[in-house]
Amino acid sequence: MDFALLHPDPDDADWLRPVPPSAALAQRLHPIEREIQERRRHSLELTESFEPFMDISAQDPPTTHAITVLEGGTRINAAIDVATAECRSEVLTVQPGGVRSEDILSKGLERGTAVVDRGVSIRTLYQHTVRHHHGTFAYAERLAEGVEIRTLEELVQRMLIFDRAVAFIPAQDDLTVALELRHPGLVSYLINVFEQLWQRATPLLEDVSYTPTPAGISGVQRSIAQLLVEGHVDDSIARRLGMNVRTCRAHIAKLNAALGSGSRAQLGYLISQSGILDQKN
C-alpha cells in the first residue's frame, strides 16, 4: 500500500487489486521529477539574477564594503590589527578618556612602536587628563619619540584612520560594536574633523596655558563649570573630560568652596555671575 502496488477493488471493498509495478513507479516518480524541474528552473533564474553582481566582483581593483559592522572585541581588534599591518604611510587616532590600565598601555605601546619602526607617521589626540596620570603620561611620553601627540580638554568619540583610506569608529557607547568605514567621502569627513581638533590641541610636552581665573579656579574646573551651567550631570561631565566621577566631584567641591555655594542650583547661578566663563584659554 505504501508503494501504491495495491489499490481497492472498485467492485468489492474487501479485496485489493495489484497494480503493475511500472505504473506504480511512474506515479511515485512524477512529483519528484516535477520538483527537480522546478528547482532547475529556479537555479537558472538565480544565475541570471546574480550575473550583474558577479561582473562587478570581477572588476580590477575589486570593490570593497563601504561600511562594515564589527561586533565583539575580538572581531574589532582583528580588523584593526589587519589595518595596522597593511598601513604604509599615516595613522590618525583620537583617544578620549584619561587613566588606562597597564595591559592596555602595554599593548598600545607594542602596536605603536611596530608601526613607527616601519616608517609610518602617527598623530594622536588625548585629553588633558593624561597629563595628570603618571602611568599614562609616561606611556604617551615614551611613544612620543616617534609619534606626534597633542591633548585637548574635550574630544569626540574614539577614532582611528589608516592611510586616509579606512577608519574605525564606535557604534555603541560600551565599545562592543564598531564600524569599519571605507567610503572615501566618510573617511574624508572624519579626517577634516581630526584636523580641526588637531589645530586646537596642545603638544603633549608643552604646558597647557590658561588665562588666570578669579578665586584661583583652574582650567579644568572652569571646563567643569561650563558643563555644569549647560546642565550636565556628574557622570556626563566626567566622561566628557576623561576623568573618573570621584575626581569630577572633588573639582565641583572646590568650585563650591571657591564661589561660596551651598547647593548645585546656587553654584550654577554663582558661576554665571562670577565671570569665569568669559575667560578664554
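If you're wondering where the values come from, they're calculated on a predicted model, not measured in any experiment. Residue positions are given per chain, counting from 1 as you read along its sequence in written order. Where totals are concerned, whole chains, interfaces and linings use all residues; where local detail is concerned, this predicted model gives features only for residues with pLDDT of at least 70, and gives and counts side-chain atom pairs only at 80 or more. In computing side-chain properties, one takes all heavy atoms of the structure into account and sets aside hydrogens as well as water.

Draft legend 1. Fine view of the packing of helix α7 (residues 234-241) against helix α8 (residues 245-259). Only the stretch in contact is used when fitting a helix axis, every axis being a line fitted to C-alpha atoms; angles between N-to-C directions are given from 0 to 180 degrees. Labels follow the DSSP assignment, with helices taken as runs of H or I lasting at least four residues and strands as runs of E lasting at least two, numbered in each case from the N terminus. Closest axis-to-axis distance for the α7/α8 pair is 9 Å, and the angle between their directions is 105°. One element, α7, and the other, α8, form an angle in the roughly perpendicular class. Taken together, the residues of α8 that come into contact with α7 (itself represented by D234, D235, I237 and A238) are V245, C248, R249 and I252. Working definition: roughly parallel below 35 degrees, roughly antiparallel above 145 degrees, roughly perpendicular at 65 to 115 degrees, and oblique for all remaining angles. Every residue pair with non-hydrogen atoms within 4.5 Å of one another is taken to be in contact.

Draft legend 2. Representation of the pattern of salt bridges in the model. The term salt bridge refers to a pairing of a side-chain nitrogen on Lys or Arg with a carboxyl oxygen on Asp or Glu at a separation within 4 Å. The tally for this structure, following the rule as stated, stands at 11 salt bridges. Between R41 and E38 there is a salt bridge, and its shortest N-O distance comes to 2.2 Å. Remark: E38 and R41 occur in helix α1 (residues 21-57); sequence separation between them is 3 residues, near one turn of the helix. With its nearest N and O atoms 3.0 Å apart, the salt bridge here joins R249 to D234.

Draft legend 3. Representation of the sheet that holds strand β5 (residues 121-127) in the model. One bridge is not enough; two strands pair if DSSP finds at least two bridges between them. As summarised here, the arrangement of the 8 strands in space is β3-β9-β8-β7-β4-β5-β6-β10, forming an open sheet in which the pairing is mixed. The sheet is open, and its two borders are formed by β3 (67-71) and β10 (202-203), each paired with just one other strand. Two elements, β3 and strand β9 (residues 177-181), share 5 bridges in a ladder whose sense is antiparallel. Opposite E71, over in β9, you have V177 as the bridge partner. Running at roughly 130° to β3, helix α2 (residues 73-86) makes contact with β3, β7 (159-162), β8 (166-170) and β9 of the sheet.

Draft legend 4. A look at the packing of aromatic side chains. The pairing test for Phe, Tyr and Trp rings, Trp by its six-membered ring, is centres within 6.5 Å, and the orientation test on the planes gives stacked under 30 degrees, edge-to-face over 60, and tilted for anything in between. Counting across every chain of the model gives 2 aromatic pairs. Ring centres of F162 and F168 lie 6.0 Å apart, and the angle between their planes is 85°; this geometry places the pair in the edge-to-face category. As far as the burial class goes, F162 and F168 line up, both buried. Where F194 meets W198, the ring centres are 5.7 Å apart and the plane angle is 20°; that geometry is what we call stacked. Of the two residues, F194 and W198 are both situated in helix α5 (residues 184-200); the distance of 4 residues between them amounts to about one turn of the helix. There is no split in this pair, since F194 and W198 are both buried. Sitting over the ring of W198, R123 keeps its end group 5.1 Å from the ring centre. The buried label applies to any residue whose accessible area, calculated with a 1.4 Å probe on protein chains only, is under 20% of its type's maximum; exposed applies above 50%, and partly exposed to all values in between. Any Lys NZ or Arg CZ that is within 6 Å of a ring centre and within 35 degrees of that ring's normal is treated as a charge sitting over the ring.

Draft legend 5. Inspection of the confidence of the model for the chain at higher detail. Each residue carries a pLDDT score, the predictor's confidence in it, ranging from 0 to 100. A residue-level look at the chain finds 83% of positions with pLDDT of 70 or above and a mean pLDDT of 80. Within the chain, the lowest mean pLDDT, 68, falls on helix α4 (residues 134-143), and the highest, 95, falls on β7.

Draft legend 6. Representation of unusual backbone geometry in the model. Notably, A4 is not glycine yet its phi reads approximately 60°, a positive angle. Classification of A4 as partly exposed rests on a relative accessible area of 22%. Positive phi, close to 55°, is recorded for R164, a residue that is not glycine. For R164, the position within the fold is in the loop between β7 and β8.

Draft legend 7. Here's a closer look at the pairing of β9. Counting buried positions over the 5 residues of β9 gives 4, a clear majority of the element. As defined by bridge partners, β8 adjoins β9 across 4 bridges and the pair is classed as antiparallel. Note that in β9 the partner of I169 across the bridge is L179. Two successive antiparallel strands, β8 and β9, enclose a turn made up of 6 residues, where L175 displays a positive phi of approximately 65°.

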